[in-house]
There are 2 protein chains.
Amino acid sequence: MATIIDGAAIAATIRAEIKDEVARLKAEHGVTPGLATVLVGDNPASATYVRNKRKACAEVGIASFGYELPAHTTQDELMRLVHELGARDDVHGILVQLPLPAHLDEQAILSAVPLHKDVDGFNPVNLGLLGVKGRRPPFAPCTPQGCIELLDRSGIRIAGRRAVVLGRSAIVGLPVALMLLARDATVTICHSQTPNLASITRTADILIAAIGKPRFVTGDMVKAGVVVIDVGINRVTDAGDPRRARLVGDVDFDEVSESAAAITPVPGGVGPMTIAMLLRNTLVAARRRAAEQKTSEAA
Amino acid sequence: MATIIDGAAIAATIRAEIKDEVARLKAEHGVTPGLATVLVGDNPASATYVRNKRKACAEVGIASFGYELPAHTTQDELMRLVHELGARDDVHGILVQLPLPAHLDEQAILSAVPLHKDVDGFNPVNLGLLGVKGRRPPFAPCTPQGCIELLDRSGIRIAGRRAVVLGRSAIVGLPVALMLLARDATVTICHSQTPNLASITRTADILIAAIGKPRFVTGDMVKAGVVVIDVGINRVTDAGDPRRARLVGDVDFDEVSESAAAITPVPGGVGPMTIAMLLRNTLVAARRRAAEQKTSEAA
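The rules behind the values
- Residues numbered from 1 in each chain as written.
- Chains lettered and ligands numbered in written order.
- Predicted model: local features only at pLDDT ≥ 70, side-chain atom pairs only at ≥ 80, totals over all residues.
- Heavy atoms only, no water.
- Helix = DSSP H or I, 4+ residues; strand = E, 2+ residues; numbered from the N terminus.
- Rg over C-alpha atoms; globule rule 2.2 N^0.38 Å.
- Buried < 20%, exposed > 50% of the residue type's maximum accessible area, 1.4 Å probe, protein only.
- Contact = heavy atoms within 4.5 Å.
- Areas by Shrake-Rupley, 256 points an atom, 1.4 Å probe, with all protein chains shown as cover.
- Lys, Arg positive; Asp, Glu negative; His and termini not counted.
- Charge placed at Lys NZ, Arg CZ, Asp CG, Glu CD.
- Phe/Tyr/Trp six-rings, centres within 6.5 Å; stacked < 30°, edge-to-face > 60°.
- Lys NZ or Arg CZ within 6 Å of the ring centre and 35° of its normal.
- Least-squares fit on C-alpha atoms with pLDDT ≥ 70 in both.
- Axes fitted to C-alpha atoms, helices over the stretch in contact; angles between N-to-C directions.
- Parallel < 35°, antiparallel > 145°, perpendicular 65-115°, else oblique.
- Left-handed = near helix turned anticlockwise from the far one by under 90°.
- Pairing = 2+ DSSP bridges.
- Right-handed = clockwise from strand over helix to strand, strands pointing away.
- Core = buried A, V, L, I, M, F, W, Y, C linked by side-chain atoms within 4.5 Å.

1. Section: the overall build of chain A
Then, in step 1: Scanning chain A from N- to C-terminus turns up 10 helices and 11 strands.
Then, in step 2: Radius of gyration (C-alpha) of chain A: 20 Å, near the 19 Å computed for a compact globule of 299 residues.
Then, in step 3: In terms of its C-alpha atoms, chain A occupies a principal-axis envelope of roughly 60 × 45 × 30 Å.
Then, in step 4: Taking all 299 residues of chain A together, the buried fraction comes to 53%.
Then, in step 5: For chain A, restricting intrachain contacts to residue pairs at least 6 apart in sequence, the fraction spanning at least 24 positions comes to 69%.
Then, in step 6: Of the roughly 12700 Å² of accessible surface on chain A, 53% is carried by carbon and sulfur atoms.
Then, in step 7: Looking at charge distribution, chain A has the averaged site of its 33 positive side-chain charges lying 3 Å from that of its 32 negative ones.

2. Some thoughts on the packing of aromatic side chains
Aromatic ring pairs are reported here in terms of the distance separating the ring centres and the angle at which the planes meet.
Then, in step 1: In total, this model carries 0 aromatic pairs over all chains according to the counting rule given.
Then, in step 2: The ring of A:Phe65 has A:Arg88 sitting right over it, with the charged end atom 4.9 Å from the ring centre.
Then, in step 3: Geometry around B:Phe139 places B:Arg288 over its ring, the cationic atom sitting 4.7 Å from the centre.

3. Comments concerning the relation of the copies chain A and chain B
Related by rotation about an axis and a shift along that axis, the two copies of the chain form a pair.
Then, in step 1: Overlaying chain A on chain B yields an RMSD of 0.0 Å, the required transformation being a rotation through 180° with an accompanying axial translation of 0.0 Å. Viewed as a symmetry operation, the transformation between the two copies matches a two-fold axis.
Then, in step 2: The residues that chain A uses at the interface reappear at the interface of chain B in 100% of cases, marking a shared surface.

4. A short note on unusual backbone geometry
Peptide bonds are, in most cases, trans, and in most cases residues other than glycine have a negative phi.
Then, in step 1: Residue A:Pro99 is reached from A:Leu98 by a cis peptide bond, and omega for that bond is -5°.
Then, in step 2: Its place among the elements puts A:Pro99 in the loop between strand S4 (93-96) and helix H4 (106-112).
Then, in step 3: A cis amide bond links B:Val266 to the next residue, B:Pro267, at an omega of -5°.
Then, in step 4: Along the chain, the position of B:Pro267 falls in the loop between strand S11 (262-263) and helix H10 (271-298).

5. Focus: the environment of A:Asp76
Then, in step 1: In this structure, A:Asp76 sits in helix H3 (residues 75-87).
Then, in step 2: As a C-alpha pair, A:Asp76 and A:Thr264 span 188 residues in sequence and 42 Å in three-dimensional space.

6. Points about the packing of helix H2 (residues 44-60) of chain A against helix H10 (residues 271-298) of chain A
All names here are of chain A.
Then, in step 1: Viewed as axis vectors pointing N to C, H2 and H10 meet at an angle of 55°, and their least axial separation amounts to 10 Å. Compared by their axis directions, H2 and H10 come out oblique. As H2 runs across H10, the sense of the crossing is right-handed. From H2, Asn52, Lys53, Ala56, Cys57 and Val60 reach across to H10, where they touch Ile275, Leu278 and Leu279.

7. What about the pairing of strand S5 (residues 162-166) of chain B?
Residue and element names in this part refer to chain B.
Then, in step 1: Among the 5 residues in S5, 5 count as buried, and that is most of the element.
Then, in step 2: Bridge analysis of S5 against strand S6 (residues 186-190) gives 5 bridges, and the strand direction is parallel. When the bridges of S6 are listed, Arg162 appears paired with Thr186.
Then, in step 3: You can see the chain leave S5, run along helix H7 (residues 173-182) and come back into S6, and the turn it takes is right-handed.
Then, in step 4: Looking at chain direction, S5 and strand S7 (residues 206-209) are connected through 4 bridges and run parallel. Within S7, the position partnered with Val164 by the bridge is Leu207.

8. Considerations on the pairing of strand S2 (residues 34-40) of chain B
All names here are of chain B.
Then, in step 1: Counted residue by residue, S2 has 7 buried out of 7 residues, so it is predominantly covered.
Then, in step 2: Residues Gly34, Ala36, Val38 and Val40 point to one face of S2 and Leu35, Thr37 and Leu39 to the other, with burial holding for every one of them.
Then, in step 3: In the sheet, S2 pairs with strand S3 (residues 63-69) via 7 bridges, with the strands oriented parallel. Of the residues in S3, the one forming a bridge with Gly34 is Ala63.
Then, in step 4: After leaving S2, the chain enters helix H2 (residues 44-60) and then returns to the sheet as S3, a path that is right-handed.
Then, in step 5: Of the strand pairs in this sheet, S2 and strand S4 (residues 93-96) are connected by 4 bridges, and their pairing is parallel. Opposite Leu35, over in S4, you have Gly93 as the bridge partner.

9. So, the sheet that holds S4(A)
Residues and elements named next belong to chain A.
Then, in step 1: Taken in spatial order, the 3 strands of this open sheet run S3-S2-S4, and their pairing is parallel. In the strand order of this sheet, the two ends are held by strand S3 (63-69) and S4, each with one partner. Each neighbouring strand pair of the sheet contributes to a mean axis angle of 15°, computed without reference to strand direction.
Then, in step 2: Set on the sheet, H2 makes contact with strand S2 (34-40), S3 and S4; between it and S2 the angle comes to about 170°.

10. Here's the deal with the nonpolar core
Within soluble globular proteins, side chains that are nonpolar generally end up buried alongside one another.
Then, in step 1: A:Leu180, A:Val187, A:Ile229, B:Leu180, B:Val187 and B:Ile229 are the most contacted members of the largest nonpolar core, which totals 114 residues.
Then, in step 2: Sequence-distant contacts of B:Val187, defined by excluding residues within four places in its chain, comprise A:Val187, A:Thr188, A:Ile189, B:Ala163, B:Val165, B:Ala177, B:Leu180 and B:Leu181.
Then, in step 3: A:Val164, A:Leu207, A:Met221 and A:Val256 belong to the second-largest nonpolar core, a separate cluster that totals 19 residues.

Okay, structure coming up:
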């Protein structure tokens, strides 16, 4: 039976580390890391995500500044806010909650977030740099970074291993593939147009599933000893009781955990890591800013 | 025996197409596409490359503006020139020949080339966008684009095929892998840290070699029917006659062409395509500019 990679526990450890480092930054430099969250419209899921992120900030001592704009906000108004936040000294990170309402140009907004405050790692410049050895972008996107961190903190070697990534989205599949490549894995990226998928997934030492299909990866699709990171979060209802929904991953946990060496559960795997990485990126942004200020004072 | 993918002939066809379209752009819009080439220092290979590019421009009717700066040019001086060229109306594309002398910050210079004039496709923003379906960067880098064009013009299907890319450089391996992915291939990226390489290359329907190791890919490393694009250009001398150097690819052509369905030779494969793609990117840049001017005149 597989070792369970306990994302909730690992994320809690990371949040405790961040809390200590936030306190140290405050004591030594008088700097409190600050995250601005921008929520446009009234998508209830987005509102919940933002609330959870702000709560997580509070728990580790990061200041959060919440902006809630009406659904009819114009591109110009949102751009003005992003530029204003970009100029503020107490805001070290800017998070624009996606998706934005359809009339707004998401890419233009994301590109307006200054790179040194892009704690979500969504600027298109970041994406390509993830795959280039020796050229780290300012911030890696949170969910892919969380996947890598789960491997590292579980003592799983990446270099020289065969990694197979299911899914090629710009948010998860593609960046995690590029990060694994930069860490010297041999990486295969599969997607909906991949024939004979099982013949490829069975070669994986490390399998990352990020396709949004409930229990898609079955026991016969993996080899014994594989390490599985399940990024999927799918809401399913059981036929017997349609009112009771529950969350499952892209991997059939019961089947795959029979032969895997290690596997993340859903929920409690990658999920909790995403917010932990957002907090860490914000801390890092504040720390870099403090170092710059020290340098400019010394000059 | 494999079909030879004749890059020289395909590139000649493309240059003839470009020549026609340059003439049409001139006749219909009064616009002559212009490429500025910037050469710093006196690397003889770089000087040759730039000369060949300017000669190719002349042949298709593209104006070229050559800047040759001394090796001791400062970062500021070079930045000023790039900005000046960025502002000029008769310069539609800017090519900064690499490598730059070591005291210059190559990435800063490349990032200063405006995206709409980055006909080399080397801006880091471009790299990530290459892999994202439905989000094309302004210009794809020339050599990877040349590889894809060779496949397309030879009637080789990419979607649904297994592609293996040897090499992960930001100039060739990584961008060509991302372009194949965006075209719905299932892509594996291999490199110096990949164990059991032959077991992976033997799964390839399409194999791209870009590692700079002479005749590295041998006959036993491919399956029958593979399509091979050899990006390597390696200078080797034969033991018998050390003064006579010749060029070979990363693929052992004689061995691999026994079982491949199609293969590019070296020289005469990918090489001629790189300049053809540079010419095409410059034409496209000029065409976009003409369309913008027309729109703004109409307004």
